[in-house]
Amino acid sequence: MYDLIVVGGGAAGIFAAISAQAAAPEARVLLLEKSAVLLAKVRVSGGGRCNVTHNCFEPRPLTTHYPRGSKELLGPFHRFQPQDTIRWFEARGVKLKVEADGRIFPTTDCSQTIIDCLLQEAKKLGVEIRLRHRIGVLERTENCFALDDLRCKKLLLATGSGADGHQWAEKLGHTIQKPVPSLFTFNVPDSPLKELSGIAVESAELSLGGLTMRGPLLITHFGFSGPAALKLSAWGARVLHEHGYKMELSINWLPDLSVEEIVDSLAALKKRAPQKQLSSENPFGLPKNLWKTLAPLDRLNDISLAQLRNLAQKLHADRYQVDGKTTHKEEFVTCGGVSLKEVDFKTMESKKCPGLYFAGEILDIDGVTGGFNFQNAWTTGFIAGTAAVLTISK
Ligand SMILES: Cc1cc2nc3c(=O)[nH]c(=O)nc-3n(C[C@H](O)[C@H](O)[C@H](O)COP(=O)(O)OP(=O)(O)OC[C@H]3O[C@@H](n4cnc5c(N)ncnc54)[C@H](O)[C@@H]3O)c2cc1C
């Protein structure tokens, strides 16, 4: 009989198994992974560099980066947050660096560094690992869990967004919030801006379905990408899915100015330089080619005040028809999973099935891009792993 079986050898499962074995060295901890490799997503994460966590050390601000799970993660972040992640890896010889946007990577810029560290730690502690092990039948018996011919006192599901874990959780009494993709970019097939692919705007405000997000925006050959678009896709994951990824997107190119302020600036420019072509002036410091596409070619003298007002309104609410999405290669995640109100976030134990624990993306938790999704895996993995062996470690 194992004290704990962890199912799923991703970031959450490995970290949970390590944390359990570290908390209770005498415990029999087994980790089962259905595929031939552990930590497959860590390997490809962050474009192969692994964005381990984010430079945000206050639990409350940290929670604001989670469209789903922010309320529930507040307590857990008081116990294990990015500062702890950094200490954990650095104590095991992994040097980390903070990039300008707050993302944290190994200084090697190579995800293998993180994989090696985790696998060495699991080995050092003596976590038993079985690869290519897929369970057929999972059952709760009176005093243990039966996974085919394996038995364990505690069971920890860390199977990510895959269907197996959701089905087992459902069988053991849980509700599953429907999984749908999060963190993607927007396709705008009819975008007049496509030829400007590669141009970035430092701060734009994007609105869709009653949600508004501000941040850097990247124009691509298929539509829009960049942090503002990714953030909007995360908060709008459900509504976009419901609308078949066909919705109107409104872009405010000058979010720091009101329509009236834009009109006043344009009117002042018209007065100052009536013979100049509006498109060749660039009064708001937008990327030149973007301004040329948005503003009329005419001489300012030939543009009426009403036309300037129309332009100001367009700059404030420029409308595009989103039709489809594209996967963001650097990081994507699934929204949905085990319903959070059915889990005790002090221990990550199920409120429906005693002895059952959850960690990572199997839960209805997801973060925006920037290292927040791995932080969820480390935090919930740590809490679930240590709590699951608590009675043994005492
Ligand atoms: C391309 C890409 C890049 C990313 N980059 C980043 C990044 O840089 N930073 C960041 O914070 N987040 C990133 N993410 C998100 C992050 O990878 C996930 O949030 C995180 O991996 C979730 O960890 P997990 O352990 O919960 O799930 P997973 O990593 O999905 O692991 C689940 C494991 O369970 C196994 N499993 C499933 N079913 C069974 C079963 N029946 N039996 C046994 N094993 C099973 C799977 O094979 C898998 O190994 C990225 C995601 C992708 C796809």
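Residues numbered from 1 in each chain as written. Predicted model: local features only at pLDDT ≥ 70, side-chain atom pairs only at ≥ 80, totals over all residues. Heavy atoms only, no water.

### Quick look at the site of the ligand
Counted only if it meets this: Nearness of a residue to a molecule or strand requires only that one of the residue's heavy atoms be within 4 Å of it. Pairing of N or O atoms within 3.5 Å defines a polar contact, subject to two protein rules: one partner must be a possible hydrogen donor and the other a possible acceptor, and residues neighboring in sequence count only if both atoms are side-chain atoms. With residues, only the protein chains shown are counted as cover, and all accessible areas are computed by Shrake-Rupley using a 1.4 Å probe. Only DSSP runs of H or I with at least four residues qualify as helices, and only runs of E with at least two residues qualify as strands; both kinds are numbered from the N terminus onward. The classification used treats Ala, Val, Leu, Ile, Met, Phe, Trp, Tyr, Cys and Pro as nonpolar, Asp, Glu, Lys and Arg as charged, and all other residues, Gly among them, as polar.
Around the ligand there are 31 residues in total, and Ala12, Glu33, Asp164, Glu361 and Phe374 lie nearest to it. Here Lys34 contributes a backbone N or O atom positioned 3.1 Å from a nitrogen atom of the ligand. Considered on its own, the ligand offers 990 Å² of accessible surface; in the complex 93% of this is hidden by protein. When residues of the shell around the ligand are traced back to their parent elements, those giving at least two are α1 (11–23), α2 (40–48), α7 (163–171) and α13 (372–388). Top element by residues in the shell around the ligand is α2. It accounts for four residues. The residue makeup of the shell around the ligand, split by class, is eleven nonpolar, twelve polar and eight charged.

### Let's talk about the pairing of strand β9 (residues 150–157)
The condition is simple: Only protein chains enter the calculation, and the probe is 1.4 Å; a residue is then buried if its accessible area is under 20% of its type maximum, exposed if over 50%, and partly exposed in between. Being paired, for any two strands, means DSSP has found at least two bridges between them.
Burial within β9 is extensive, with six of its eight residues counted as buried. Of the pairings in the sheet, the one linking strand β8 (residues 145–147) to β9 comprises three bridges and is antiparallel in character. By the bridge assignment for β9, Leu147 is matched with Leu150. Sheet topology places β9 next to strand β21 (residues 356–358); three bridges connect them, and they run parallel. When the bridges of β21 are listed, Leu155 appears paired with Leu356.

### Points about the packing of α1 against α13
The condition is simple: For helices, the fitted line uses only the C-alpha atoms of the stretch in contact; every axis is such a line through C-alpha atoms, and the angle between N-to-C directions lies from 0 to 180 degrees. Rotating anticlockwise by less than a right angle from the far helix to the near helix defines a left-handed crossing, while the corresponding clockwise rotation defines a right-handed one. Note on contacts: a residue pair is in contact if any heavy atoms of the two residues lie within 4.5 Å.
Where α1 contacts α13, the two axes come as close as 7 Å, and the packing angle between them is 35°. Here α1 and α13 pass one another in a crossing that is right-handed. Every residue of α13 that contacts α1 at Ala11, Ala12, Phe15, Ala16, Ser19, Ala20 and Ala23 is listed here: Phe374, Ala377, Trp378, Gly381, Phe382, Gly385 and Thr386. Of the residues that constitute the contact of α1 with α13, the class distribution is ten nonpolar, four polar and no charged.

### Some remarks on the sheet that holds strand β5 (residues 103–106)
The strand order across the open sheet built from three strands is β3-β5-β4, with neighbouring strands paired in antiparallel fashion. Of all strands in the sheet, those with a lone pairing partner are β3 (53–54) and β4 (96–98), marking the two edges. Judged from the three bridges that link them, β4 and β5 form a sheet pairing that is antiparallel. Within β5, the residue paired with Leu96 across the bridge is Pro106.

### A look at the domain arrangement of the protein chain
This is how the line gets drawn: As used throughout, domain bounds are those supplied by an automatic or database domain assignment. For this document, the term salt bridge refers to a Lys or Arg side-chain nitrogen within 4 Å of an Asp or Glu carboxyl oxygen.
Per the domain assignment, the segments of the protein chain are domain 1 (2–181 + 333–393) and domain 2 (184–327). Computed from C-alpha coordinates alone, the two centres of domain 1 and domain 2 are separated by 40 Å. The tally of links from domain 1 across to domain 2 stands at zero salt bridges. If you list the elements that add at least two residues to the side of domain 1 that touches domain 2, you get β10 (176–182) and β18 (333–338). Residue classes in the side of domain 1 that touches domain 2 are distributed as six nonpolar, five polar and two charged.

### Description of the nonpolar core
Selection criterion: For this analysis, a nonpolar core means a set of buried residues of the types Ala, Val, Leu, Ile, Met, Phe, Trp, Tyr and Cys, connected via side-chain atoms within 4.5 Å.
Ile5, Phe89, Leu118, Leu147 and Leu155 are the most contacted members of the largest nonpolar core, which has 84 residues in total. Leave out the neighbours within four places in its chain, and Leu155 touches Leu4, Ile5, Val7, Leu138, Phe145, Leu147, Gly355, Leu356 and Tyr357.

### Some details on the sheet that holds strand β16 (residues 318–323)
If you walk across this open sheet you meet the seven strands as β16-β15-β12-β13-β14-β11-β17, and the pairing is antiparallel. The open sheet terminates on both sides in strands that have one partner only, identified here as β16 and β17 (325–327). On average, each strand axis in the sheet is inclined to that of its neighbour by 40°, with strand direction left out of account. Pairing between strand β11 (residues 184–187) and strand β14 (residues 223–225): two bridges, direction antiparallel.

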